[in-house]
2 protein chains.
Amino acid sequence: MYTIKEVAKLMNVSEHTLRFWAKSGLFPGVKRDANNIRQFSDHDLGWVKIVKCLRSVGTDNKSIKRYIDLCLVGDSTIPERFGIIKATRIKALQQMEELKKQLELLDYKESYYEELIRNNKNDKYNPVNDIKEAVS
Amino acid sequence: MYTIKEVAKLMNVSEHTLRFWAKSGLFPGVKRDANNIRQFSDHDLGWVKIVKCLRSVGTDNKSIKRYIDLCLVGDSTIPERFGIIKATRIKALQQMEELKKQLELLDYKESYYEELIRNNKNDKYNPVNDIKEAVS
DNA sequence: TTAATTCTTGAGAGTTGCTATCAGTCAAGT
DNA sequence: ACTTGACTGATAGCAACTCTCAAGAATTAA
């Protein structure tokens, strides 16, 4: 069993955010002790993990709640859950591509500045001449 | 020259967001025509591109504004700009790693559901048994 | 030539997802 | 008894959009 603080540290999510997610119904059935303090089980950490995963790909909390609720219903919702996961995976792959592209720009700019510094040049008169192709 | 609508389409950013960014001072010196309508040049697209890049890595608008302003100052700010780009690149790499990790979970869940459907099993009694290792 | 349609504009309201503040409860240590 | 620390819910504040709207110009249709 873990306190909210331990979960926060373990999962690298702030306590505030965990409480916010809990209030939003994203962690079903987290037990409380005699003093009303949340006790996360390993099972509950599973919920935290999937919520964190869906959030990191940009899924909004309402849609996450829907996925959680589908899980609770049982096997009749497997096809829909499967669809959600598949769609989310596609989204993650797209984000990966996008991130790669932006990384290329950053690489380019970094080496541009490197050269600028090495040659003691300046770019005063064209503050964005480190951007070659303008269209993303 | 491009209208805001064209830029939105070209850069895959909403017109609303472009206006919001413009109002925040993220696009310095975008010209207007006789009817006060913004005319983005290719040079301006460069600004849009770098703003989009920094945003996509999670840089907040205030920090982006700072970077833009540093660009406008000229060569004396090259070291600081270099630092910003380097730090941003590191951040992008970390996000890449994080995304990869989440993608693994999604892959796992997808194949789990696939098997579930193939075998016509159900997971009614343990809605999150598709999560093996709970700790992220 | 008038009317309807299509842009664009700025202002401002509304939304999401946190994030921070605060007062209050409880338990353990000194 | 008293302080310290962890946890609680309620509430306020914030960033970054996102949406709605009225106004104004230009293009097109009748």
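One can find the structure itself at the top, above this paragraph.
As the structure is a computational prediction, the values presented were derived from the model and not from experiment.

A. Representation of the environment of Asn119(A) in the model. Along the chain, Asn119(A) falls in the segment after helix 5 (78-118). Spatially, the C-alpha atoms of Asn119(A) and Thr3(A) are 55 Å apart, while their sequence positions differ by 116 residues.

B. Representation of the packing of helix 1 (residues 4-11) of chain B against helix 2 (residues 15-23) of chain B. All names here are of chain B. One can describe the packing of helix 1 onto helix 2 by two numbers: an axis separation of 9 Å at closest approach and a directional angle of 110 degrees. Regarding the angle of helix 1 to helix 2, the classification is roughly perpendicular. Across from Ile4, Lys5, Val7 and Ala8 in helix 1, the residues of helix 2 making contact are Glu15, Leu18 and Arg19. A per-class count over the contact of helix 1 with helix 2 returns 4 nonpolar, no polar and 3 charged.

C. Spotlight on the state of the cysteines. The full count for this structure, using the stated rule, is 0 disulfides over all chains. There is no disulfide at Cys71(A), and the cysteine sulfur nearest it, in Cys53(A), is 12 Å away.

D. A look at the protein's contact with DNA strand D. In the vicinity of DNA strand D lie 18 residues, with Thr3(A), Arg19(A), Arg38(A), Asp60(B) and Asn61(B) positioned nearest. Each atom of DNA strand D within 4 Å of the protein belongs either to a base or to sugar and phosphate, the latter forming 78%. Take Arg38(A): an N or O atom from its main chain is 2.7 Å from a phosphate oxygen of DNA strand D. Between DNA strand D and Trp21(B) there is a distance of 3.0 Å, counted from a phosphate oxygen to a side-chain nitrogen or oxygen. Put simply, the parts of the chain that give the surface near DNA strand D at least two residues each are helix 1 (4-11) and helix 2 (15-23) of chain A together with helix 2 of chain B. Broken down by element, the surface near DNA strand D gets its largest block of residues, 4 residues, from helix 2 of chain B.

E. Main features of helix 2 of chain A. Residues and elements named next belong to chain A. Those residues of helix 2 that sit buried are Leu18, Trp21 and Ala22. Seen along its axis, helix 2 keeps its buried residues to an arc of 100 degrees; they face one direction. Opposite the packed face of helix 2, turned more than 90 degrees from it, sit the exposed residues His16 and Lys23. In this fold, the buried residues of helix 2 make contact with helix 1, strand 2 (38-39), helix 3 (42-56) and helix 4 (61-73).

Rules behind the numbers
- Residues numbered from 1 in each chain as written.
- Chains lettered and ligands numbered in written order.
- Predicted model: local features only at pLDDT ≥ 70, side-chain atom pairs only at ≥ 80, totals over all residues.
- Heavy atoms only, no water.
- Helix = DSSP H or I, 4+ residues; strand = E, 2+ residues; numbered from the N terminus.
- Axes fitted to C-alpha atoms, helices over the stretch in contact; angles between N-to-C directions.
- Parallel < 35°, antiparallel > 145°, perpendicular 65-115°, else oblique.
- Contact = heavy atoms within 4.5 Å.
- Nonpolar A, V, L, I, M, F, W, Y, C, P; charged D, E, K, R; others polar.
- Disulfide = S-S within 2.5 Å.
- Near = heavy atom within 4 Å.
- Polar contact = N/O pair within 3.5 Å; in protein donor to acceptor, adjacent residues only side chain to side chain.
- Buried < 20%, exposed > 50% of the residue type's maximum accessible area, 1.4 Å probe, protein only.
- Arc of directions from axis to C-beta.

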